[in-house]
Amino acid sequence: MTYRKLSVLTLAFAAAGFSTVLSAEQASQQLQEQQSADSGANSNKSKEQVEVIEVKGFSTSLIKSLNDKRFADTVVEAISADDLGALPDVSMADALTRLPGISAVRTGGQASEINIRGMAGGFVFSTLNGREQVSTSGQRNIEFDQYPSELINSAAVYKSPKASLIEGGVAGTVELKTTSPLAAKKDHNVTVNLRGMLNDRANEIPDGTEHGHRFSLSYQGKFLDETLGLALGYARLFQPSVSTQFVGFAYNAEADIDGAAEAEPNELISEGFEMQHRGGEETRNGYMAALEWVPSDKLTLKADAFLSKFDTEAFARGFRVKFDGANAAIGNPVIENNMLVGGTINRKTNGNTRVELVNDDNTDNDEVLSLGFNADFEATDNLTLNFDLSHSAAKSNFRNGLLWSLVAEDANAAVPVVDPNVSISYLLNGLSLPSVGFNQEAAFTDINRVMVSKYGIYPYLNEDEVNAYKLDGKYRLDNNFLSAFEAGVRYSERDYSNDRSVFEYGSDGMFLSSQPPLKLTQDMVKVVNFSGAFSHFPSYLAIDQQKALNAWFPQGVPQPVQTWGTGNTGILPEQRVTGGPDTAWSVLQSGEVYENVLSAYLMANIDTELLGLPVTGNIGVRMVETEQLATDLTDVGGDATLGAQNIMDEAGLVNTRYKPGVIGQKYTDYLPSLNLNFALTDSDQIRFAAAKVMSRPPIDRLASNTSYTIDAITGKVNGSSANSPFLKPFYATQYDISYEKYFEDSDGAFVAALFYKDIESFINTFTITDFDFAAAGFPIPAYVPGTEPGNPDGLPPVSTKPGDYTTAVNNENGGYIRGAELAYTQVFKFLPGFWSGLGFSGSYSYTESEIQQQVSLGAQTIDITLPGLSKNVATATLFWEYQGFETRLSARYRDKFVSEQVAVEAQTVNFDGETVLDYQASYQINDQFGVLFQVNNLTDEPTKSYFGTPTNTGTIQFFGRQYFLGANYVF
């Protein structure tokens, strides 16, 4: 083992610069540069030394991470480049969840959103090379699976801020960094990684892809006597995306099922459930480039670029059951907590209880681009200036093509009709799969009974970009209290747009004579059986969507457009069609958000002694001025004196009701921060941090898009104005204190921390039931469009009626989040022989909060915990290294938490606790060539959720194990 002696104050000084996370090697390099320039200065302080540990193998990455944490000037967790290159992680999301207090929400079996200290991803701010990143999600939090771990050199999670960091993270700030080519150890270095992949559940999915691969190639080179550096990287991921799932729908209907006294509330009924095979392919191509030039000792110039394209082709095949519970006949009810969890659901004569056969094909094309230029200039011996110019852009094009089928009495009839004899038996079984039964089961695989009744496509197109300009200055001092002053200013302009469009044909609840159903042929279908734990579910017909659409639309499938719809009452009378569709939501939910931010900060870096103890850290304040604006369409009833204008959609329809405009607000915040580090001994230190922090609302929540929809079956009108440019940020005052013990007789550390966040307010989203939209001025027709008396399809008239109205405001009811964290890492070098390669790294965090939020389940409102909060989160890695061989087993555990699941629409549910195990083994044959084997999700851990209590099943979804076999070569 090799030791280097570094001054505590020098390391703190180095860590307080523009690179906020330093490895031991970087800190040593800066120390040597400073000693050459300031020979003899602070000679007394330079004798105070600490130990920097350097070891080889997997443990190297762990110890480098501890060194980063040890010498940082804030409360921070870090991952080194070696760690990222070796862990069995598909993306940065998986890698970050191995840090204390960090957990992930799995989407499609992959970690995507991360939670920090019990707070959801919306409270997490992220940067790449210190620059704000926009997201393909339409929110603030980036999707970390968009960032290949092979292209990221280091990562840090700041749990306490400092004034020089960009504001935005109440939970914390995640900083990702790509490589600095002049910091490479070799003059030229090429690394190649190739891994094959197998998913063991793919063979259960019809048309599921079983194999995939990962490939990466990178180059780092130094030229012109190490004054010019170039780094290039490419990483490709192709993987199957498969799952088998049961999803229960939200409890949004009510009826008096048990016949109890009128004083008792009605029972709540789920909208239904679905059982599906989901499959597809995910392809991610990532590119990275960096050019670094040092034309003189005083000037460093660097330009870098990062591009990631993530394309998904996915399908869903199976059933969707719609109870129509308020209008259905319910026998043998099983009721738990006033909710129906079992019974026999029968269709009434005028009801719409049904089983839909689902054949959906979805595509999602996401792209993230980040460009930056940085100039670092040493103006004098004491003054350093840094200028940074950046551009971050994200695009997401999600197209969900949905094909529904219903059971007919006779698909060969001249005028087919839906089979009204529908009976569904089911019994939920909590967090296990339910029991289900259908009287139409035999018809589900019969092309003489099944007919396609509806095709719909509802694309989401999001574009988000930010341009930022930043100037920082640092003036070094020579005194016994402050080591430097830092100051800076930043200006950014962010533009976000969301475009909705639609095409619909037919109906998911009936056969229309004007848009008749499609008769299936044998070449369009195949029979699919459920297997394994799902084998008791009935078989069904999987339909080739493209063949069906080609037959249904021989002249070509019409493309979706953003349109008011010919049935909208606000369009010109000569364009209006009785019974035509009303799709005004596609216009009203589209729009743009503009966010301009001017910020400035002043910070002093502390380097002194207090009661004989060395004290380092910083104190500062950040001023932030935010202007947020959004495009708006205000319904003024067509009154030109109030600003009504003719607004044409993409189909040429003209609406006369709305006044267009831009609305918004401007506000200013002041965010003070303090970070102190007390060096008790060379190996023991205590940190204290306090700060005021903020997180702006998700960017899509700042849109102005009040809209409503009318249920074609029930006539119920539901609307939303949950987004508004007048929403303000979340604010919190937070405190951190931690004790860090770095082992002297072995490699490792023990860390214990306490934290407390006083949340001032939240955005409270709530629902008003039985809201009379017509009385509130919304242009609601008397009947569901197409069911007016005398309609051409002969349908019974369906009157519109009040429904749910969802809106949001900033409330004043905050509360605390508090908790404790423990982390322990040790490499047992003191053990004899080959046992000396044994090591362990683990962490545990406990988080609790008094904050309760409310979610409406029909007529019932239930309290839920803060989204993203798991009281208990733990990670553990047991590893062993010996003569080039490494093996390790990693576990990530989080207990129950609240988040969203996507069914018919987003639903807030409770997720059950989960433990995810990963395994990896590798052997380095020589200095250049190595091989590896790994398994992700070793136990095929499912995702399980529920509504309120575990008896009300939400999602049960299995994703399969991922096996990798690969090799790496360095030359």
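All of the points below concern the structure found in this document. As the structure is a computational prediction, the values presented were derived from the model and not from experiment.

## Thoughts on the overall build of the protein chain
Point 1. A tally of regular secondary structure across the protein chain gives 7 helices and 55 strands.
Point 2. For the protein chain, the proportion of its 971 residues judged to be buried stands at 56%.
Point 3. Here the contacts in the protein chain between residues at least 6 apart in sequence split such that 73% fall between residues at least 24 apart.
Point 4. Surface summary for the protein chain: the accessible area is close to 38000 Å², and the carbon and sulfur share equals 53%.

## Details of the environment of A584
Point 1. Inspection of the secondary structure puts A584 in the loop between α6 (545–552) and α7 (585–588).
Point 2. The class of A584 is buried, set by a relative accessible area of 5%.
Point 3. Along the chain, A584 and W564 lie 20 residues apart, while their C-alpha atoms are 4.1 Å from each other.
Point 4. For A584, the residues in contact, after removing those within four places along its chain, are T563, W564 and N568.

## Some points on the sheet that holds strand β6 (residues 124–128)
Point 1. Taken in spatial order, the 5 strands line up as β3-β8-β9-β6-β7 in an open sheet, and their pairing is mixed. Two strands bound the open sheet, and with one partner strand each, they are β3 (76–79) and β7 (131–132).
Point 2. One ladder, built from 5 bridges, connects β6 with strand β9 (residues 172–177); its direction is parallel. Bridged to L128 within β9 is L176.

## Description of a nonpolar patch on the surface
Point 1. A contiguous nonpolar surface patch, about 790 Å² in accessible area, is contributed by F373, F377, L385, F387, L389, Y469, L471, V489, Y491 and L598.
Point 2. Elements supplying a minimum of two residues to the nonpolar patch: β20 (354–378), β21 (383–407), β25 (460–476) and β26 (482–500).
Point 3. If one sorts the elements of the nonpolar patch by residue count, β21 sits on top with 3 residues.
Point 4. On the secondary structure map, L389 appears in strand β21.

## Points about empty space enclosed by the protein
Point 1. Overall, the coordinates contain 17 cavities of 30 Å³ or more when judged by the stated rule.
Point 2. Taken as a whole, the largest cavity holds about 460 Å³ of empty space.
Point 3. Every residue lining the largest cavity is counted, 32 residues in all, and those nearest its centre are R98, L99, P100, T825 and S841.
Point 4. Contributing elements (two or more residues each) for the lining of the largest cavity: α3 (58–71), β3, β40 (747–759), β43 (815–827), β44 (838–849) and β47 (872–882).
Point 5. Considering only residue class, the lining of the largest cavity consists of 17 nonpolar, 8 polar and 7 charged.

## Focus on the nonpolar core
Point 1. One finds F273, M275, I424, F438 and L520 to be the most contacted residues of the largest nonpolar core, which totals 61 residues.
Point 2. Discounting chain neighbours no more than four positions away, the residues touching I424 are F273, V321, F323, G343, T344, I345, T353, R354, V355, G437 and F438.
Point 3. Counting residues in each nonpolar core, the second largest holds 53 residues, with V124, F306, I759 and I763 among its members.

## Details of the pairing of strand β5 (residues 110–116)
In summary, the side chains of a regular strand alternate between the two faces of the sheet.
Point 1. Extensive coverage of β5 is indicated by the burial of 6 of its 7 residues.
Point 2. Sheet topology places strand β4 (residues 102–107) next to β5; 6 bridges connect them, and they run antiparallel. Bridging from a neighbouring strand, T107 pairs with Q110 of β5.

## As for the packing of aromatic side chains
Point 1. Inspection of every chain in the model, using the stated rule, returns 39 aromatic pairs.
Point 2. On the numbers, 5.2 Å between centres and 40° between planes, the contact of Y234 with Y287 is tilted. With a gap of 53 residues between them, Y234 in strand β12 (residues 228–240) and Y287 in strand β16 (residues 272–296) connect regions that are remote in the sequence.
Point 3. Residue class for Y287 comes out partly exposed when judged on its relative accessible area of 36%.
Point 4. The rings of F319, F438, F444, F530, F534, F537, Y540 and F958 are connected pair by pair, giving a single aromatic cluster.
Point 5. Lying over the aromatic face of Y742, R70 brings its terminal NZ or CZ to 4.5 Å of the ring centre.

## Examining the side chain of S423
Point 1. One can find S423 in strand β22 (residues 423–429).
Point 2. A polar atom in the side chain of S423 sits 2.8 Å from the side chain of N346.
Point 3. Residue contacts for S423: discarding those within four places in its chain leaves T344, I345, N346, G437, F438 and N439.

## Things to note about the environment of N338
Point 1. If you trace the backbone, N338 turns up in the loop between β18 (329–336) and β19 (339–346).
Point 2. A relative accessible area of 21% places N338 in the partly exposed class.
Point 3. Spatially, the C-alpha atom of N338 lies 9.9 Å from that of I257, the residues being 81 residues apart in sequence.
Point 4. In this structure the side chain of N338 is engaged in a polar contact, spanning 2.9 Å, whose partner is the backbone oxygen of N266.

## A few points about the pattern of salt bridges
Point 1. Under the counting rule described, the total for this entry stands at 37 salt bridges.
Point 2. A salt bridge links E848 to R818; its shortest N-O distance comes to 2.6 Å. One end of the pair, E848, is in strand β44; the other, R818, is in strand β43, and 30 residues separate them in sequence.
Point 3. The class for R818 is partly exposed, based on a relative accessible area of 34%.

## Some details on unusual backbone geometry
Point 1. A positive phi angle, near 50°, is found at D324, a position not held by glycine.
Point 2. Within the secondary structure layout, D324 lies in the loop between β17 (299–322) and β18.
Point 3. One non-glycine residue, N332, lies in positive phi territory at about 50°.
Point 4. Residue position: N332 is located in strand β18.

## Thoughts on α6
Point 1. Within α6, burial applies to Q545, A548, L549 and W552. The buried residues of α6 all sit within an arc of 95° when viewed along its axis, so they share a single face.
Point 2. Next to the buried residues of α6 lie β20, β21, β24 (450–457), β27 (503–506), β28 (518–519) and β30 (540–543).
Point 3. Measuring from the side-chain oxygen of the N-cap residue of α6 to the backbone nitrogen of Q546 gives 3.1 Å; that N-cap residue is D544.

## A closer look at the pairing of β18
Point 1. As paired strands, β18 and β19 are joined by 6 bridges and run antiparallel to one another. Considered in β19, the bridge of V334 is made with G342.
Point 2. Joining the antiparallel neighbours β18 and β19 is a turn of 2 residues, in which N337 adopts a positive phi near 55°.

About the thresholds
- Residues numbered from 1 in each chain as written.
- Predicted model: local features only at pLDDT ≥ 70, side-chain atom pairs only at ≥ 80, totals over all residues.
- Heavy atoms only, no water.
- Helix = DSSP H or I, 4+ residues; strand = E, 2+ residues; numbered from the N terminus.
- Buried < 20%, exposed > 50% of the residue type's maximum accessible area, 1.4 Å probe, protein only.
- Contact = heavy atoms within 4.5 Å.
- Areas by Shrake-Rupley, 256 points an atom, 1.4 Å probe, with all protein chains shown as cover.
- Pairing = 2+ DSSP bridges.
- Patch = residues over 30% accessible without salt bridge, like charges linked within 9 Å, V, L, I, M, F, W, Y side chains within 5 Å.
- Salt bridge = Lys/Arg side-chain N within 4 Å of Asp/Glu carboxyl O.
- 1 Å grid on protein atoms, 1.4 Å probe; cavity = no way out; pocket = protein on both sides within 12 Å on 5 of 7 lines; lining within 4 Å.
- Points joined across faces, edges and corners; volume = space filled by probe spheres on them.
- Nonpolar A, V, L, I, M, F, W, Y, C, P; charged D, E, K, R; others polar.
- Core = buried A, V, L, I, M, F, W, Y, C linked by side-chain atoms within 4.5 Å.
- Phe/Tyr/Trp six-rings, centres within 6.5 Å; stacked < 30°, edge-to-face > 60°.
- Lys NZ or Arg CZ within 6 Å of the ring centre and 35° of its normal.
- Polar contact = N/O pair within 3.5 Å; in protein donor to acceptor, adjacent residues only side chain to side chain.
- Arc of directions from axis to C-beta.

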